[in-house]
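Observations on the three-dimensional arrangement
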Amino acid sequence: HGKDGRNKAKQQLVDHILNENLPPLLIFPQGTTCSTQTMTTFKPGAFLVKTEVQPVILNYSANQNHDLSYVADSRMLQEMFWAGCQLVNFCELTFLPPFLPEQEDDRDPHTFAEQTRQEMGKYMTEYCQLTPHSLTDHMLHDYAITRSKFNLKMEFLVSDVGEKLRLKPKTVQYLAKKFHNLDTNQNGYIEYDEFCAAFKRDPNKHFEKMSKLFQLFSVNRNFNKIDFDEFLNGVAICFVDSMVHDAIRVTFDGCSVDNRVIRPSDILNVFNHQIEKKKFNDENEFIEYYDKMQFFVNAAFDDNQLQQMDYNQFHAQIMQRNLTAYVQLFLQIIVMMRLKIKLNKDDFNLTVQSRSSSEIIADENGGDELGSMKESVSVQQHPRTLRSDSILSVKQTNFANIENKL
């Protein structure tokens, strides 16, 4: 189990393949079986050694009454019963020519795996389509839709969410449950009044401030409701370093009283109005986080030497003073705590930096040991109405119309 277990399994696999005294290793590269209508992506494990593979296709499409290729959400006894109801159960095996990419660069495990899948797909065009879904997508669908009966619109790939938003699959499952809890009318969206209810704010009385916080999530399509991919995007903005420009934009818009400039009192007033002491473990923890916010404001406004800043000044000051972690900490406290979302560094892909509030530790001089930030987004790409494109690539995948049984 865990990373160590996966690494050990990979090493055992490599050792077996390289040992000529052992028989060939049989691997289902999808990590599962799938329906006869689609073939999901391959895991790279079988291709780590970069040696020739023998593709084999198991074709169950001749079974007219019951598809034996994929168990879906039924139990094994049910599958055995339905298989017994067919007079004959067909499985056609096709052995393809051994395959190894000609170019050395194409023998990278992921590229090798995909090229092998494409080769196999050429023999399955009459009954099967290749889909960009993976076993991880199936597991999320099985958890959220099949077993938990959540009303979610999952128009994305988990791999894209991991790449763009740095969220691990288990984190996406956790957030699916949180989304479901916030969607009180179970229509598949978090609407504005549901969002305000989580903050215990009147939708009309507090419209100016709440609508700005709402736009942290509702950025792609409808400004009066949030769907699941937008929800994931909003959560990531509060944690992932590469999305810090979005976080600065949201902080400015959410705190500025006149939408032109931001003042020290604006930030502290929002913090004081949104925070609840009971959300913290004890009084000391509350004071600790309050002191961090006070330090953030003092550092951003040069100990009140700056009375106010417009957005460009505020953004420049945050970046120059290396205060980006405090911006995201601010959003974690006033947004994530209200939504009852608790994440730490283990919930993110660690190939890039993400920072949770527990990682911001003040030193004895009042400063902080902060890591360097990845600046992959230009501030000019973010006008006042936030439109982050970090999730939009997910919508560009062309699998939406593929009929499959994931």
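You'll find the structure just up there.
Residues numbered from 1 in each chain as written. Predicted model: local features only at pLDDT ≥ 70, side-chain atom pairs only at ≥ 80, totals over all residues. Heavy atoms only, no water.

**Section: the overall build of the chain**
- In terms of helices and strands, the chain carries 15 helices and eight strands.
- In the chain, which comprises 406 residues, the share counted as buried stands at 47%.
- Counting contacts in the chain only where the partners sit at least 6 residues apart, residues at least 24 apart contribute 70% of the total.
- Carbon together with sulfur atoms contributes 49% to the accessible area of the chain, which is approximately 21700 Å² in total. (Helix = DSSP H or I, 4+ residues; strand = E, 2+ residues; numbered from the N terminus. Buried < 20%, exposed > 50% of the residue type's maximum accessible area, 1.4 Å probe, protein only. Contact = heavy atoms within 4.5 Å. Areas by Shrake-Rupley, 256 points an atom, 1.4 Å probe, with all protein chains shown as cover.)

**Regarding unusual backbone geometry**
- Phi at Arg166 takes a positive value of approximately 65 degrees, unusual for a residue other than glycine.
- Note on placement: Arg166 falls in the loop between helix 5 (158–165) and helix 6 (169–182).
- Among the residues examined, Arg166 registers a relative accessible area of 17% and is labelled buried.
- Even without a glycine there, the phi angle at Asn322 is positive, about 55 degrees.
- Inspection of the secondary structure assignment puts Asn322 in the loop between helix 13 (311–320) and helix 14 (324–336).

**Quick notes on the environment of Lys153**
- As for its placement among the helices and strands, Lys153 is situated in the loop between helix 4 (135–147) and helix 5.
- In contact with Lys153, not counting residues within four places along its chain, are Asn187, Gly188, Tyr189 and Phe228.

**Notes on the packing of helix 6 against helix 9 (residues 228–237)**
- Contact geometry of helix 6 with helix 9 gives a least axis separation of 10 Å together with a crossing angle of 115 degrees. Regarding the angle of helix 6 to helix 9, the classification is roughly perpendicular. The crossing of helix 6 and helix 9 is right-handed. Here Val172, Leu175, Ala176, Lys178, Phe179 and Leu182 of helix 6 come into contact with helix 9, specifically with Phe228, Phe231, Leu232 and Val235. (Axes fitted to C-alpha atoms, helices over the stretch in contact; angles between N-to-C directions. Parallel < 35°, antiparallel > 145°, perpendicular 65-115°, else oblique. Left-handed = near helix turned anticlockwise from the far one by under 90°.)

**Focus on the nonpolar core**
- Of all hydrophobic cores here, the largest spans 78 residues; its most connected members are Phe195, Phe217, Phe228, Phe231, Phe296, Val335 and Leu339.
- Counting residues per element, this core draws most heavily on helix 14, which supplies nine residues.
- Filtering out sequence-adjacent residues up to four positions away, Val335 remains in contact with Phe199, Leu213, Leu216 and Phe217.
- Judged by nonpolar contacts, the second largest core, of 13 residues, contains Cys34, Met39, Leu96 and Phe99. (Core = buried A, V, L, I, M, F, W, Y, C linked by side-chain atoms within 4.5 Å.)

**What about the pattern of salt bridges?**
- As enumerated under the stated definition, the model contains nine salt bridges in all.
- Among the ionic pairs, Arg117 bridges to Glu114, the shortest N-O distance being 3.1 Å. With a gap of three residues between them, Arg117 and Glu114 both fall in helix 3 (residues 109–121), about one helical turn apart.
- Residue classification places Arg117 among the buried residues on the basis of a relative accessible area of 4%.
- Owing to a relative accessible area of 28%, Glu114 belongs among the partly exposed residues under this scheme.
- A single network of salt bridges, built from pairs that share partners, joins Asp258, Arg260 and Arg263. (Salt bridge = Lys/Arg side-chain N within 4 Å of Asp/Glu carboxyl O.)

Functional significance is not addressed by these values, which are geometric in nature.
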